[in-house]
Amino acid sequence: MPVDTKRIRGPEESQSPLLFLSPDKAPKAPSSRQGVRGNGDVRPVFARCGLVSQAKGSAYIEAGNTKIICSVYGPKETERRDETDMKTGRLVCDFRLAPFSCVKRGAWIQGSEERDLSATLMESLRPGVCLHRYPRSQIDVNVMVLENDGSVLAHAVTCASMALADAGIEMYDIVLGCTLRQSGNACLVDPSYAEECGSWQEGYGDNQGCVTLALLPNLNQVSGLNADGEMREDTLTEAMRTCMDGCHKLYPVVQQALTRAVKKKAPPPEK
Amino acid sequence: MAAVKVCEAEKVYIMHGVRDDLRLDGRGCEDYRHMEIETDVVSNTDGSAKISLGHTDVLVGIKAEIGKPRPMVPDEGYLEFFVDCSANATPEFEGRGGEELGVELSNTLYKVFNNRHSLDLRSLCICPGENCWVLYVDVLLLQCDGNLFDAISIAIKAALFNTRIPKVHISEDEEGGKEIELSDDPFDCMRLNVENVPCIVTLCKIGHRHVVDATLQEKACSVASLLIAVTHTGMVTCVRKMGGGSLDPESIFEMTEAGKRVGKSLHAPLMDLLQKEESLGKKRQKVGFLG
């Protein structure tokens, strides 16, 4: 019998030990936020540009425990040729979650959820980039989530647009993202992983949902919207307005990080 | 996506028409095309439905199989969606061409059904932690003329209404192991409650107004569209913005409200129609695919 020497045979199906935790010992999701952060506050964000030396532009964002890195390559010759490419460029987004980023181990092969997130990321960034200035070219945006502690898509959008700006790609405006978790009548802006997934299973309560919004702050245009769960329409509208406020709160931090990166690359002339 | 090339003059013509609430085929901005639904078209499935919305044809087949429940929710069954864009619809879908669109459609369906109230998953449980019903919802796109999401969601609702899941009986045998027995009577089955199953409404922004049920030509004139899934009580289960353009927040609020209104009004006539079709029973004339 030929023996497969190339692969290390692990168990066919492995499960996380957390599944075997008895329910009363399971950590309860905190109903109200401990510490300084209020329900409407975004987590303090650390943002830096220009860390990947090989990439045209790159950015790193840390919000709470969520860590995301993004690098931009391009504009370069496009691989596929379509008639539409003759007039405008193409934006190719790749969103990946590292296998160790979530509580449950993910696979390196891109699952359908990651492809869906890549498509949403592309839709959110597309209105912000002046693609008609790059005909017959393609811009690659690669987002890698190192640690997933909630509102990953929103921070990925912010990180990707910072990386695009760092790469010198022409844009109409920076794109900022914000997530909100609606639970009954309370809403939590920029939820952590426990807040995002908690009470989804337990609560039979109405009005449970998660809204992610991408905004171009200066033009006041919404470039991406994703809502999940089951909510009333007026709750949804309120949630969107709160998300837009959250995005505006994020703007000064991003502005500061970009000016700092520009000053480092092209220091102002000595007086 | 199967797209139609529209010249600038046609775009301007369509936009001006929409501005005056008159579309290419004479509809208003919030009117649907002629819709035909037929259930129980495929005999090998547990539930099936075929819908033609204008020139868009969608066939949904549901098969119920016994599987192991998900570890996090041992007392519930689940649904698996798969959308296949058949090469019948357009030659672009040949081979792996339709895969991207199919994946996008399936992912949206997962999100639409990802809540507690759409379908009572607990009724799909056979033995908590060991056996449950898994409903495989397979969608086949036969013809593509715009507004796929709406057609698919209505077809899924009709197919779920039509689904007959056989009743199972768990018996203990001598060693203490559990055995599953299917009842002998083929008509002894469980039906699903589809009251809360949402319907998707896609609104395309053309100029300053929005249109419901856009054809491919109208889609080519719009930069962005909003997809909203609404239940019969007016609860919104999924909202997505699609397309490469951006939307003004005010127009999003307007479109959400219009979508909710249109979606809510879809459910009652649909349920009436399905009940009427069912009540015809043996007397029903099967129309099939060439009717």
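Residues numbered from 1 in each chain as written. Chains lettered and ligands numbered in written order. Predicted model: local features only at pLDDT ≥ 70, side-chain atom pairs only at ≥ 80, totals over all residues. Heavy atoms only, no water.

For chain B, an unreviewed UniProt entry supplies the name Exosome component 7 and the organism Danio rerio. Listed in UniProt under the heading Sequence similarities (unreviewed entry), the comment for chain B reads: "Belongs to the RNase PH family." (UniProt positions renumbered as here; feature names shortened; annotations may be inferred.)

As recorded in UniProt, chain A goes by the name Exosome complex component MTR3, listed as coming from Danio rerio. Listed in UniProt under the heading Function, the comment for chain A reads: "Non-catalytic component of the RNA exosome complex which has 3'->5' exoribonuclease activity and participates in a multitude of cellular RNA processing and degradation events." Under the UniProt heading Subunit, the entry covering chain A gives this text: "Component of the RNA exosome complex."

What about the packing of helix H1 (residues 112–125) of chain A against helix H2 (residues 152–166) of chain A?
Residue and element names in this part refer to chain A. It is the contact of H1 with H2, at a shortest axis distance of 10 Å, that shows an interaxial angle of 50°. Taken as axis vectors, H1 and H2 run oblique relative to one another. Of the two elements, H1 crosses H2, and the hand of that crossing is right-handed. Within the contact between the two elements, H1 uses Leu 117, Thr 120, Leu 121, Ser 124 and Leu 125 and H2 uses Leu 153, Ala 156, Val 157, Ala 160, Ser 161 and Leu 164. Counted by class, the contact of H1 with H2 contains eight nonpolar, three polar and no charged residues. (Axes fitted to C-alpha atoms, helices over the stretch in contact; angles between N-to-C directions. Helix = DSSP H or I, 4+ residues; strand = E, 2+ residues; numbered from the N terminus. Parallel < 35°, antiparallel > 145°, perpendicular 65-115°, else oblique. Left-handed = near helix turned anticlockwise from the far one by under 90°. Contact = heavy atoms within 4.5 Å. Nonpolar A, V, L, I, M, F, W, Y, C, P; charged D, E, K, R; others polar.)

Quick look at the UniProt feature "domain: Exoribonuclease phosphorolytic" (unreviewed entry) in chain B
Residues and elements named next belong to chain B. Under the feature "domain: Exoribonuclease phosphorolytic" (unreviewed entry), the UniProt entry names residues 32–166 and 196–261. Between the C-alpha atoms that bound residues 32–166 the distance is 36 Å, and the span itself is 21% helix and 38% strand. Annotated as 29% helix and 39% strand, the span residues 196–261 places its first and last C-alpha atoms 16 Å apart.

Structural notes on the pattern of salt bridges
Per the counting criterion, the structure on display carries 24 salt bridges over all chains. The partner of Asp 149 of chain A in a salt bridge is Arg 43 of chain A, and the shortest N-O contact between them spans 3.6 Å. One end of the pair, Asp 149 of chain A, is in the loop between strand S5 (137–147) and H2; the other, Arg 43 of chain A, is in the segment before strand S1 (45–49), and 106 residues separate them in sequence. Like Arg 43 of chain A, Asp 149 of chain A is buried. Among the ionic pairs, Arg 240 of chain B bridges to Asp 116 of chain A, the shortest N-O distance being 3.2 Å. Here Asp 116 of chain A lies in helix H1 and Arg 240 of chain B lies in strand S14 (residues 236–242), a pairing that spans two chains. (Salt bridge = Lys/Arg side-chain N within 4 Å of Asp/Glu carboxyl O. Buried < 20%, exposed > 50% of the residue type's maximum accessible area, 1.4 Å probe, protein only.)

Examining the interface of chain B and chain A
On the side of chain A, 35 residues touch chain B, which itself brings 36 residues to the contact. In total, about 3,400 Å² of surface goes out of reach between chain B and chain A, with carbon and sulfur atoms giving 51% of it. The largest contributions to the chain B side of the interface with chain A come from Arg 116, Met 235 and Phe 253 of chain B, which together make up 18% of the buried area. Where chain B touches chain A, the interface holds three salt bridges. Note that Arg 115 of chain A is salt-bridged to Glu 99 of chain B, the shortest N-O span being 3.5 Å. Summed over the shared surface of chain B and chain A, the number is 13 residue pairs in polar contact (both at pLDDT 80 or more). Only helix H2 (99–112), S14 and helix H5 (249–280) of chain B provide two or more residues apiece to the side of chain B that touches chain A. Here the side of chain B that touches chain A is built from residues that sort into 14 nonpolar, eleven polar and eleven charged. As defined by bridge partners, strand S9 (residues 221–230) of chain A adjoins S14 of chain B across two bridges and the pair is classed as antiparallel. (Buried area = accessible area lost by both parts, 1.4 Å probe. Polar contact = N/O pair within 3.5 Å; in protein donor to acceptor, adjacent residues only side chain to side chain. Pairing = 2+ DSSP bridges.)

A closer look at the packing of aromatic side chains
For the coordinates displayed, the defined rule picks out three aromatic pairs over all chains. With 6.4 Å between their ring centres and 70° between their planes, Phe 46 of chain A and Tyr 60 of chain A make a pair best called edge-to-face. Taken as a pair, Phe 46 of chain A in strand S1 and Tyr 60 of chain A in strand S2 (residues 57–63) lie far apart in primary sequence, 14 residues in all. Residue classification places Tyr 60 of chain A among the buried residues on the basis of a relative accessible area of 14%. Taking 5.4 Å as the distance between ring centres and 90° as the angle between the ring planes, the aromatic pair formed by Phe 81 of chain B and Tyr 110 of chain B counts as edge-to-face. Of the two residues, Phe 81 of chain B sits in strand S4 (residues 78–85) while Tyr 110 of chain B sits in helix H2, which places them 29 residues apart along the sequence. (Phe/Tyr/Trp six-rings, centres within 6.5 Å; stacked < 30°, edge-to-face > 60°.)

Notes on the sheet that holds strand S7 (residues 186–189) of chain A
Backbone hydrogen bonds are what pair the strands of a sheet, in a parallel or an antiparallel way. Spatially, the eight strands line up as an open sheet ordered S7(A)-S6(A)-S8(A)-S9(A)-S14(B)-S13(B)-S11(B)-S12(B), and their pairing is antiparallel. Edge strands, defined here as strands with exactly one partner in the open sheet, are S7 of chain A together with strand S12 (209–212) of chain B. Strand-to-strand twist across the sheet, computed as the mean angle between neighbouring axes with direction ignored, equals 20°. Pairing of strand S11 (residues 199–206) of chain B with S12 of chain B, which is carried by four bridges, proceeds in the antiparallel orientation. Looking at S12 of chain B, one finds that Ile 206 of chain B is bridged to Arg 209 of chain B. Taken strand by strand, helix H4 (residues 233–265) of chain A contacts strand S6 (176–183), S7, strand S8 (208–216) and S9 of chain A together with S14 of chain B, and its axis lies near 140° from that of S6 of chain A. Against the sheet, H2 of chain B engages S9 of chain A together with S11, strand S13 (224–230) and S14 of chain B, with an angle of about 150° to S14 of chain B.

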